[in-house]
Amino acid sequence: GIESIDIDSEHIPRNLKNLFLWENRINADGCRGLAKLLQGGDSTLETLYLNNNQIDDKGVGILVNSLQNDSSMTELALGGNNGISFQGEMMLLKLVNDISSIEATLRSN
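A. Spotlight on the overall build of the protein. Broken down by element type, the protein carries four helices and three strands. Across the protein, helices and strands are ordered from the amino to the carboxyl terminus as β-α-β-α-β-α-α. Relative to its 109 residues, the protein shows a buried fraction of 39%. For the protein, contacts bridging at least 24 residues in sequence account for 83% of all contacts bridging at least 6. Put simply, the protein shows about 6,800 Å² of open surface, and 48% of that area lies on carbon and sulfur atoms.

B. Inspection of the nonpolar core at higher detail. In this structure, L19, L38, L45, L48, L50, I55 and L63 are the most contacted members of the largest nonpolar core, which totals 21 residues. Sorting the residues of this core by element identifies α1 (28–38) and α2 (57–67) as the ones contributing at least two each. Per element, the largest residue contribution to this core is six residues, and it comes from α1.

C. Focus on the environment of L78. Relative to the helices and strands, L78 resides in the loop between β3 (75–77) and α3 (86–96). With relative accessibility at 12%, the residue L78 sits in the buried group. Taking C-alpha positions, L78 is 4.7 Å from N51, a pair spaced 27 residues apart along the chain. Leaving out residues up to four positions away in the same chain, L78 has contacts with L50, N51, I55, L63, I84 and L92.

D. Representation of the sheet that holds β3 in the model. Ordered in space as β1-β2-β3, the three strands form an open sheet in which the pairing is parallel. The open sheet has two free edges, formed respectively by β1 (18–20) and β3, since each of these has just one partner strand. Strand-to-strand twist in this sheet, taken as the mean axis angle between neighbours without regard to direction, amounts to 0°.

E. View of the side chain of S66. Considering the arrangement of structural elements, one finds S66 in helix α2. For S66, the residues in contact, after removing those within four places along its chain, are A35, L38 and Q39.

F. Geometry of the packing of α1 against α2. Relative orientation of the contacting elements α1 and α2 amounts to 5°, with a least axis distance of 8 Å. The angle between α1 and α2 falls in the class roughly parallel. Here A28, C31, R32, L34, A35 and L38 of α1 lie close against α2, whose contacting residues are K58, G59, I62, L63, S66 and L67.

G. How the structure looks around unusual backbone geometry. The phi torsion at R25 lies on the positive side, around 60°, for a residue other than glycine. The partly exposed category is assigned to R25, whose relative accessible area is 39%. Within the chain, N52 stands out as a residue other than glycine whose phi angle is a positive 55°. Take N52: it is sitting in the loop between β2 (47–49) and α2. N52 sits in the partly exposed class, given a relative accessible area of 37%.

About the cut-offs
- Residues numbered from 1 in each chain as written.
- Predicted model: local features only at pLDDT ≥ 70, side-chain atom pairs only at ≥ 80, totals over all residues.
- Heavy atoms only, no water.
- Helix = DSSP H or I, 4+ residues; strand = E, 2+ residues; numbered from the N terminus.
- Buried < 20%, exposed > 50% of the residue type's maximum accessible area, 1.4 Å probe, protein only.
- Contact = heavy atoms within 4.5 Å.
- Areas by Shrake-Rupley, 256 points an atom, 1.4 Å probe, with all protein chains shown as cover.
- Core = buried A, V, L, I, M, F, W, Y, C linked by side-chain atoms within 4.5 Å.
- Pairing = 2+ DSSP bridges.
- Axes fitted to C-alpha atoms, helices over the stretch in contact; angles between N-to-C directions.
- Parallel < 35°, antiparallel > 145°, perpendicular 65-115°, else oblique.

This is the structure:
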């Protein structure tokens, strides 16, 4: 399995749409590598499957931070990562339910 992912920021694949990395023992270090891919400017990644790895709340935080401004991602699968607690789930929930821009729009009207 893959525990760490080293992505060269000069050679980030620009047309990657789906990435399946099930059961590769990816942990927080691996999430840092994936974050480079997600933050690579013109990310086209739409689905990222990270089921049954070793991702914990720290890894979730890294992924959430890298996805803050990503508009292409439509599906992130993290099932079977037993290190994700309620805290990690809340980070993910805040990512997909960020209503701050909606509230700002309502206040401006």
